[in-house]
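So you can see what is in the structure, the chains are spelled out below.
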Amino acid sequence: MPERPDAGIRTLAQLKAATLACRECPIGEFATQSVIGEGRLKARLMLVGEQPGDQEDLQGHPFIGPAGKLLSRALEAAGIPREQAFVSNAVKHFKFELRGKRRIHKSPTQREIAACHHWLADEIALVQPEALVALGATAARSLLGRAVPVTANRGQWLPREDGLQVLVTLHPSALLRVDPEGREAAFEAFVDDLRQAQRLFRR
Ligand code: SF4
């Protein structure tokens, strides 16, 4: 069974308010707002990425930028209705460095991932998904509690201590960095990974 949420967190609105105010790691100080997951409760599948990006930080919704659009396309190709899933991130604030006026994504440290883990645990407990997808190494580390080499484990289900299964794959932003000539094959491989979760939607 998923971990129980913190005593004070009983709704996603409460989770949003608590993460907005959170300063348990340095990331929260510089972001516009926290971004928690969206989708249906008791979802068959909860997909977890790394952290909000630039657009997500400004608009307050997860996976709405280029990587999010690619994820939607891949889910559709894999036969997984995004509206029946729940989509979130391991870290709830956007970490970046300023280059001129541009905000460039910066990966969270292990310590920051660990600091944010209890909010993700609350979210999983509220959503009560049947299974999880780790989109990339940060999500895999947070969901499984250890470093997981994504390339060696992609397309595989790994068990958590609470019994939930975690399907490991790449973060969709990794596909955006693939050379144009390899992009279609990389997309197909990503869809193949996600298809491992399609059986959850056949019932
Ligand atoms: S990233 Fe997570 S732990 Fe860090 S301040 Fe934001 S909500 Fe808190």
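Residues numbered from 1 in each chain as written. Predicted model: local features only at pLDDT ≥ 70, side-chain atom pairs only at ≥ 80, totals over all residues. Heavy atoms only, no water.

**So, the side chain of Glu123**
Convention followed: In this text, helices come from DSSP runs of H or I with a minimum length of four residues, and strands from runs of E with a minimum of two, each type numbered from the N-terminal end. Categorising residues by exposure relies on relative accessible area from a 1.4 Å probe, with only protein chains included: less than 20% of the type maximum marks a residue as buried, more than 50% marks it as exposed, and the intermediate range marks it as partly exposed. We define a polar contact as two N or O atoms separated by no more than 3.5 Å, with the added condition that, inside protein, one atom must be a possible hydrogen donor and the other a possible acceptor, whereas residues neighbouring each other in sequence contribute only through side-chain atom pairs.
On the secondary structure map, Glu123 appears in helix H4 (residues 110-127). Relative accessible area serves as the criterion here: at 0%, Glu123 is assigned to the buried category. Side-chain polar atoms of Glu123 contact the backbone nitrogen of Gly37, separated by 2.6 Å. Looking at Glu123, its side chain comes within polar contact range of the side chain of Ser88, at 2.7 Å.

**Quick word on the pattern of salt bridges**
Formally: Salt bridges are counted wherever a side-chain nitrogen of Lys or Arg sits within 4 Å of a carboxyl oxygen of Asp or Glu.
What the rule picks out here adds up to 9 salt bridges. With a closest N to O distance of 2.8 Å, Arg103 and Asp54 form a salt bridge. With Arg103 in strand E5 (residues 102-105) and Asp54 in helix H2 (residues 54-59), the pair connects residues that are 49 residues apart, well separated along the chain. Take Asp54: its relative accessible area is 28%, and that puts it in the partly exposed class. One salt-bridge network, held together by shared partners, links Asp54, Asp57 and Arg103.

**Digging into the pairing of strand E4 (residues 96-99)**
Selection rule: Here, a strand pair is defined by DSSP locating no fewer than two bridges between the strands.
Pairing between E4 and E5: 4 bridges, direction antiparallel. When the bridges of E5 are listed, Arg99 appears paired with Arg102. As consecutive antiparallel partners, E4 and E5 are separated by 2 residues, and within that stretch Gly100 has a phi angle of approximately 65 degrees, a positive value.

**Overview of the side chain of Glu56**
To keep it simple, the criterion reads: Positive: Lys, Arg. Negative: Asp, Glu. His and the chain ends are not part of the count. Only heavy atoms matter for contacts: two residues are in contact if any of them lie within 4.5 Å across the pair.
Along the chain, Glu56 turns up in helix H2. There is no salt bridge for the buried Glu56, and the closest opposite charge comes from Arg82, which lies 7.5 Å off by N-O distance. A polar contact is formed between the side chain of Glu56 and the backbone nitrogen of Gly53, at a distance of 3.0 Å. Polar side-chain contacts of Glu56 include one of 3.4 Å to the backbone nitrogen of Phe63. Once residues lying within four places of it in the same chain are set aside, the contact partners of Glu56 are Val35, His61, Pro62, Phe63, Ile64 and Gly65.

**Description of the nonpolar core**
Formally: We call a set of buried residues a nonpolar core when its members are Ala, Val, Leu, Ile, Met, Phe, Trp, Tyr or Cys and they connect through side-chain atoms within 4.5 Å of each other.
Ranked by internal contacts, the top residues of the largest apolar core, which has 45 residues, are Leu45, Leu47 and Leu194. If you list the elements that add at least two residues to this core, you get strand E2 (45-49), helix H3 (66-77), strand E3 (85-89), H4, strand E6 (131-135), helix H5 (137-144), strand E8 (165-169) and helix H8 (180-195). In this structure, Leu194 is in contact with Leu47, Ala74, Leu75, Ala78, Ile80, Val133, Leu167 and Thr169, ignoring residues within four places of it in sequence. Judged by nonpolar contacts, the second largest core, of 11 residues, contains Ile27, Ile36, Cys116 and Trp119.

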